[in-house]
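Chain and residue survey
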Amino acid sequence: MALLYDLGQLPNELLLIWHTHRVALLLSAVALVTVVRLAIYLRGQREKVSVSPAPASPVEKKLVELRPEWLPENTTLNVSNLNLDDHAEEDAIAVATIVKAKKGPKTVKGKKISKKIATPAPSFDHKTDKIQPLVFFQSLSGTTERFAAQFAKVLTEWTTGCEQSASFLEPQTFDLSYTEFDDYFLSPPKAEPNVKHFYFILLPTYNIDTVLSIFLESLQETHNDFRIDTAPLSGLLGYSVFGFGDKEGWPTEEDGFCSQAREVDRWMARLTGRKRAYPLGMGDVKADADARLQEWRTGVQEALVEIAEGRGLGEGVRGSGDAAESDEEDIDDAEDSNGQTTRVDDVEDLGSMVTSSSTAIPVDFTTYKSAPKSKSTTGPKEMVPTTSPTYASLTKQGYSIIGSHSGVKICRWTKSALRGRGSCYKYSFYGIQSHLCMEATPSLSCSNKCVFCWRHGTNPVGTTWRWITDAPDLIFDGITAAHYKKIKMMKGVPGVRAERFAEAMRIRHCALSLVGEPIFYPHINELLEIMHKSRISTFLVCNAQHPAQLAALVPVTQLYVSIDASNKESLRKIDRPLHRDFWERFCACLDILRNRRFEQRTVFRLTLVKGFNMAEEVAGYADLVERALPCFVEVKGVTYCGTSAAGSAGLTMQNVPFYEEVAEFVTHLEKELASRGLTYGIGAEHAHSCCVLLADRTRFQRDGRWATRIDFERFFDLYEGKAQGTRMENGAVVGWRPEDYVGGETPEWALWGNGGFDPRDQRVYRKGKGPKTEDGGGGGEQAGKKVDAAALEF
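In the annotation of an unreviewed UniProt entry, the entry for the chain reads tRNA 4-demethylwyosine synthase (AdoMet-dependent), and the organism field reads Dothidotthia symphoricarpi CBS 119687. We quote the UniProt Sequence similarities (unreviewed entry) comment for the chain here in full: "Belongs to the TYW1 family." The chain has a UniProt comment under Pathway (unreviewed entry) that states "tRNA modification; wybutosine-tRNA(Phe) biosynthesis."

Dropping the structure here:
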């Protein structure tokens, strides 16, 4: 009974305890829960050693790639502003990959061919399909070009006269120096469904870096690009390569005879899935090239007949896909000459590297391919050796080659100024007399193949500096000595003025714009320092493809960036750059120019090519000006060099604008810039050079009058820190702006509407090109008056 009583009283006692201690109990419970949750949280933060970490987000990984390796740390790459023309960016570029991260990398269509399965016959219906022969060649001295032209002519006659002529279209010829590789060697050319292509490739061999070297690198890069299928050119009907060589220099194939043609043949075999229609042909240009080319042509024509009749590449031809005959190609595909793997697409492929032997074969993953056997030693080579065709071509054009990669040439305006016949536009705009100016470059190599370039493939090309490098003091001594030598050669020319000849023996200005890319030279800053210490002003022109070098450049008297197009597609057609991320590099250079516009005078150089970059592109150019805000914008009509190579590049006299057309373009550009609130106006002109200058009114006008000229002595004082108001910080001069070395007012005769010809000089016209006189004939003209544009000498 007592126990039952106690149990009956238990609820009351618990209730009493709850009422007495409920606050303490609640606080204790809250504290306990807090401790438990904190312990769980801390435990979750510990690294899980036994579990692999979760893979990072692909988008986050791409964000790390946002800044290319060539972009300087102090430069911001604004992704939203890169695509100024709404043109789809290439997927190969990191910036474009960020935008398209969800879609994944682009895959170029092509059929991956198994190494152990024979290549299937080309998909060709001989009843309905057509064969389009394409003849590719590359020539530096013109020898291969002549052979290619002769070959194309004979091939055309054969395709129109053979029994299978209905299956052939007229052969087309392409110079690799002026061909976009991605249009023909990344995938087969775009054509009608019933048109199939066959490639003929005729190539010489050089011991210097040329477009052919870039072509080989492009084929190699395409083959090793993980985004592209193994055989992206398998859609071709077939291909065949012929190489030209010189057995005096390279007696055997082991010594390098036709080595570049052999390399192209090897890479084409991989890219096409072993569709070599006929073996590699080789001929000695000093002995049997004609006979060997004829034999090769006959053999390839027989292969074309078999294709046209629907028999494919035939049986037993090496590269035809017959496994019994093409096993050597399989070995080459997997190994180089040292037996080292060149490409592994899958982890499973590693199994093919191990034999049944118990000893494993060591694999060197650091070696891509063995160096070809040649007489040359390992290490850097000369950019332009004295024995090369490039050297012979450039010297024939009047260049003096200094060292192995620099050059100097006397300008035609220098010759004109020495005879009192006028200076170039730089005198009208900035006060540089042409006979006091030296035109030179420390780098004959360039990263573009511009359609308006007057060298047309005779200069080296490249995307990275890989040559023997000459010291800057040797370059300076060499170019100045060569320039003075060329000036001395003018002393016997009729009309040369004695006082100007004497003045010309003291170089006052240097235009680093002769040929190639000056900032490509690794020691460009040291060379500029030497020039400035000699009180030689520097006008440096770059092509907006090397932003890292541009950002590191020391201040020059005036910094130019060539703006040859207003959008990506137009720039690709005009400049034909070698860099695949050329548009991103171009835009990064504009951003650098904007950041440095208060450190030095900056200039946009617009070269107008009718039919390429003039029509309806005013707004696009205004976008670029608004982005970089240069001090000046020079608009100049292209100069036609009149060579056959220019025509092969797509440039003819029809692409040269008249001065009236250039002037009209400039007026439209001025109005477009004004509509955006930009303070640019037409400051000066030089009709004889077909050139007009736009300048920033707020910076280069005094009391409403243009002051575009330069006070060169003031510039040197500022540069050396001797001028008042400047100071040195960390070895650099700070505290001065381009406005601090503005010279006198732009002379009246140079202003817009006055022609830009110095009245103190005598204007001389070519025979029959002068303005009409009262008697109806061509005659002279008082200096300074405007003339019809058709009479101008461009």
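Now, onward.
Moving on, we come to the side chain of Ser 434. For Ser 434, the position within the fold is in the loop between α13 (425-430) and β8 (437-441). If we ignore the near neighbours within four places in the chain, the residues touching Ser 434 are Trp 413, Thr 414, Ala 417, Ser 423 and Cys 424.

Quick look at the sheet that holds strand β2 (residues 172-175) now. Pairing is parallel in the open sheet, where five strands are placed in the order β2-β1-β3-β4-β5. Both edges of this open sheet fall to β2 and β5 (281-284), since each of them pairs with a single strand only. Each strand axis lies, on average, 20 degrees off the axis of its neighbour in the sheet, ignoring direction. The sheet contacts of helix α8 (residues 259-272) involve β3 (195-203), β4 (238-245) and β5, and relative to β4 the element is tilted by about 170 degrees. Contacts from helix α9 (residues 289-308) reach β1 (130-137), β3, β4 and β5, with the element oriented near 180 degrees to β4.

What follows is about the packing of helix α19 (residues 582-595) against helix α20 (residues 618-628). Where α19 contacts α20, the axes come no closer than 7 Å and their chain directions differ by 45 degrees. Taken together, α19 and α20 sit at an angle that is classed as oblique. Along the contact surface, α19 presents Phe 586, Cys 587, Leu 590, Asp 591, Leu 593 and Arg 594, while α20 presents Leu 624, Glu 626, Arg 627 and Ala 628. Of the residues belonging to the contact of α19 with α20, the class tally is six nonpolar, no polar and four charged.

A few words on empty space enclosed by the protein. Applying the stated rule across the entire model yields three cavities of 30 Å³ or more. Considering only enclosed or pocket space, the second largest cavity measures out at about 40 Å³ in volume. What lines the second largest cavity is simply Gly 422, Ser 423, Cys 424, Tyr 427, Ser 428, His 686, Gly 756, Phe 757, Asp 758 and Asp 761. Class assignment for the residues of the lining of the second largest cavity results in three nonpolar, five polar and two charged.

Here the focus is unusual backbone geometry. The residue Arg 535 is not glycine, and still its phi comes out positive at about 55 degrees. Its place among the elements puts Arg 535 in the loop between α16 (524-533) and β10 (537-542). With a phi close to 45 degrees, Arg 576 is a non-glycine residue in the positive phi region. When you line up the elements, Arg 576 lands in the loop between α18 (568-575) and α19. Classification of Arg 576 as buried rests on a relative accessible area of 5%.

Here the focus is the nonpolar core. Within soluble globular proteins, side chains that are nonpolar generally end up buried alongside one another. By size, the foremost hydrophobic cluster in this structure holds 106 residues, and its most contacted members are Phe 604 and Leu 669. Not counting residues within four places of it along the chain, the set of residues in contact with Leu 669 comprises Leu 606, Val 618, Tyr 621, Ala 622, Val 635 and Leu 694. If you look at the next biggest cluster of nonpolar residues, it comprises 34 residues, including Phe 185, Ile 208, Val 211 and Leu 216.

What follows covers the pattern of salt bridges. Where charged atoms of side chains with opposite charge meet at close range, the side chains can pair. Under the defined criterion, the tally for this structure stands at 30 salt bridges. Between Arg 676 and Asp 623 there is a salt bridge, with its nearest N and O atoms 2.5 Å apart. Of the two residues, Arg 676 sits in the loop between α22 (659-675) and β14 (680-686) while Asp 623 sits in helix α20, which places them 53 residues apart along the sequence. As a salt-bridge pair, Glu 626 and Arg 676 come within 3.0 Å of each other at their nearest N and O atoms. Note that Glu 626 is positioned in helix α20 and Arg 676 in the loop between α22 and β14, a separation of 50 residues in sequence. Classification of Glu 626 as partly exposed rests on a relative accessible area of 33%. On the basis of relative accessible area, Arg 676 is assigned to the partly exposed category, the value being 26%. A single network of salt bridges, built from pairs that share partners, joins Arg 508, Arg 535, Glu 713, Asp 717 and Glu 720.

Calculation rules
- Residues numbered from 1 in each chain as written.
- Predicted model: local features only at pLDDT ≥ 70, side-chain atom pairs only at ≥ 80, totals over all residues.
- Heavy atoms only, no water.
- UniProt positions renumbered as here; feature names shortened; annotations may be inferred.
- Helix = DSSP H or I, 4+ residues; strand = E, 2+ residues; numbered from the N terminus.
- Contact = heavy atoms within 4.5 Å.
- Pairing = 2+ DSSP bridges.
- Axes fitted to C-alpha atoms, helices over the stretch in contact; angles between N-to-C directions.
- Parallel < 35°, antiparallel > 145°, perpendicular 65-115°, else oblique.
- Nonpolar A, V, L, I, M, F, W, Y, C, P; charged D, E, K, R; others polar.
- 1 Å grid on protein atoms, 1.4 Å probe; cavity = no way out; pocket = protein on both sides within 12 Å on 5 of 7 lines; lining within 4 Å.
- Points joined across faces, edges and corners; volume = space filled by probe spheres on them.
- Buried < 20%, exposed > 50% of the residue type's maximum accessible area, 1.4 Å probe, protein only.
- Core = buried A, V, L, I, M, F, W, Y, C linked by side-chain atoms within 4.5 Å.
- Salt bridge = Lys/Arg side-chain N within 4 Å of Asp/Glu carboxyl O.

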